[in-house]
Amino acid sequence: MGVRARVLLCWLQVLCAVVFGDVWKVEVEPEMDALVSSCVVLPCSFKYPAQQQPSSRTKGMWHMTDKWEDYIYHNDPTRILDNFKGRTKLVGSLGELNCSLEIDYVRNHDNGPYCFRVELETSKIDKFSFVKNCVTINMIEKASKPELLAETSVKEGEPAIFKCSVRHTCPSHQPTLSWSHPGKTIPNYKHIGHGKWEAESLLTFTPTKEDDHSSITCTVKYHGGVEGEMQATQPIFVKEQATLSHILIPTLSGLGAALLVGLLCFFVVKRYKKRIADLQSRNDNGVWNRLSRMSRRFRSGEASSGPGGREQRRSIWSRFSRRGQGHHIDRNSDNRANNVCTVSGNKAFDKPRMPSPKSKAKCYSGDAFDDDYTNTADLNLYGNI
């Protein structure tokens, strides 16, 4: 072969390598989470430049990044590392360009990174290791509790819906969710992207009075012996339906309270009036009442007796007057003698002196006396002022 032919062949190999390098592609997630003792699926898809081949003519394997001969998965089980034998398998179809790998019973040292390699039987040169697109696994020692979404307060007789969900990275062995309350359950699984999945369960039931102040518990069970919080609990309170009793009882209670307050006010007012009457009856023997009764007795005595009796029983208030009945005193005379006055007949007379109540006590007896006082001297009233 000439020199020119050799140079042309080298350039052709370089060009083919560049072209083939552009079409040998793989898509994986750089990092994945995995629960220790459970499983994890590493999503993977690839492309190659040759015509698409069936799975029987395509070989797929996973190996360590720095040691291509350390296979964690191979179609020949004898070439798998002892640490991974029986724990790895392809869950995708190579004929459909799916190279997803499942690692079961994950151990805390299964960190990786791991790379995918494909070999086609069409040619000895149709093989490629995607060492620049490898996957690292983050280990999670304990699972977190499920997420429980529900309303705390529900209405009696109306359907209530409770949702419980968990996220995981092993769609080949979905976790199961169970409820502490009987009812209709609807499981659902969905891919939320980047190799993560969500398992959820919907519980539907009609609350009753017996469900009031109870609780709903959701329990998750993972594949393998996973440790962690497996339950989520939420209390529920049931609002009773509005019935006729819910309307009558508050109304009757209000009317009863109003009637009770009215009766209480009535008895308080009645007792207050009785107290006022008692106080007024106790004050019937006061000074002014006694004076009034004495005045009435004096007037009745004057009416029943003659002129002498009228003079003796005149009202006690007339003693305060300086005028004699039927006399006229001339106040314009300054030179008259003591106790000498003139009257209409121009005859002088001596002014009789009014006797003092203390000089001669008046006594009353018989039916005409009905007062507590028996002596007018007790009143400290005097005729000569």
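Reference entry: report on the structure contained in this document. Think of each chain on its own: its residues are numbered from 1, step by step along the sequence as written. Only residues with pLDDT of at least 70 get local features here, since the model is predicted, and only at 80 or more are side-chain atom pairs given and counted; chain-wide, interface and lining totals rely on the full set of residues. Working from all heavy atoms in the structure, the side-chain values ignore hydrogens and water.

### Description of the sheet that holds strand S9 (residues 114-120)
Here comes step 1: If you trace the four strands from one edge of the open sheet to the other, you get S6-S5-S9-S10, paired in antiparallel fashion. The sheet is open, and its two borders are formed by strand S6 (71-73) and strand S10 (127-129), each paired with just one other strand. Taking each pair of neighbouring strands and ignoring which way they run, the sheet shows an average axis angle of 25 degrees. Pairing between two strands is assigned when DSSP locates at least 2 bridges connecting them. What counts as a helix is a DSSP run of H or I of at least four residues, what counts as a strand is a run of E of at least two, and both are numbered from the N terminus. Orientation is described by lines fitted to C-alpha atoms, with helices fitted over the stretch in contact, and by angles between N-to-C directions that extend from 0 to 180 degrees.

### Remarks on the pattern of salt bridges
Where charged atoms from two side chains of opposite charge come close, those side chains can pair.
Here comes step 1: Definition used for salt bridges: Asp or Glu carboxyl oxygen within 4 Å of a side-chain nitrogen of Lys or Arg. Going through the model one piece at a time under the given rule, you end up with seven salt bridges.
Here comes step 2: A salt bridge links Lys163 to Glu200, with the shortest nitrogen-to-oxygen separation between them at 3.2 Å. In this pair, Lys163 is assigned in strand S15 (residues 160-168) and Glu200 in strand S18 (residues 196-205), connecting sequence segments 37 residues apart.
Here comes step 3: Throughout, exposure labels follow a simple rule: accessible area from a 1.4 Å probe, protein chains only, divided by the maximum for the residue type, with under 20% read as buried, over 50% as exposed, and the rest as partly exposed. On the basis of relative accessible area, Glu200 is assigned to the buried category, the value being 9%.
Here comes step 4: Here the salt bridges do not stand alone but share partners, grouping Arg167, Lys190 and Glu198 into one network.

### Brief notes about the environment of Trp68
Here comes step 1: Following the sequence through the fold, Trp68 ends up in the loop between strand S5 (58-64) and S6.
Here comes step 2: You can call Trp68 partly exposed: its relative accessible area is 42%.
Here comes step 3: Residues Trp68 and Ser129 lie 61 residues apart in sequence; the distance between their C-alpha atoms is 8.5 Å.
Here comes step 4: Two residues form a contact once any of their heavy atoms are found within 4.5 Å. Dropping the residues within four chain positions of it, Trp68 is found in contact with His63, Arg117, Ser129 and Val131.

### Some thoughts on the state of the cysteines
Here comes step 1: Disulfides are defined in this document as cysteine sulfur pairs within 2.5 Å. All chains considered together, the criterion is met by four disulfides.
Here comes step 2: A sulfur-sulfur separation of 1.7 Å characterises the disulfide bridge that pairs Cys115 with Cys134. Taking the torsion about the sulfur-sulfur bond, which here is approximately 90 degrees, the covalent link between Cys115 and Cys134 counts as right-handed. One end of the pair, Cys115, is in strand S9; the other, Cys134, is in the loop between S10 and strand S11 (136-140), and 19 residues separate them in sequence. Side by side, Cys115 and Cys134 carry an identical accessibility label, which is buried.
Here comes step 3: Each disulfide pairs two cysteine sulfurs, and for Cys164 the partner residue is Cys218, the sulfurs being separated by 1.9 Å. Residues Cys164 and Cys218 are joined by a disulfide whose S-S torsion is about -85 degrees; by sign, that bridge is left-handed. Placement of the pair is Cys164 in strand S15 and Cys218 in strand S19 (residues 214-221), with a sequence separation of 54 residues.
Here comes step 4: Cys164 gets classed as buried once you look at its relative accessible area, which sits at 0%.
Here comes step 5: With its bonded cysteines labelled in order along the sequence, the chain shows the pairing 1-7, 2-3, 4-5, 6-8.

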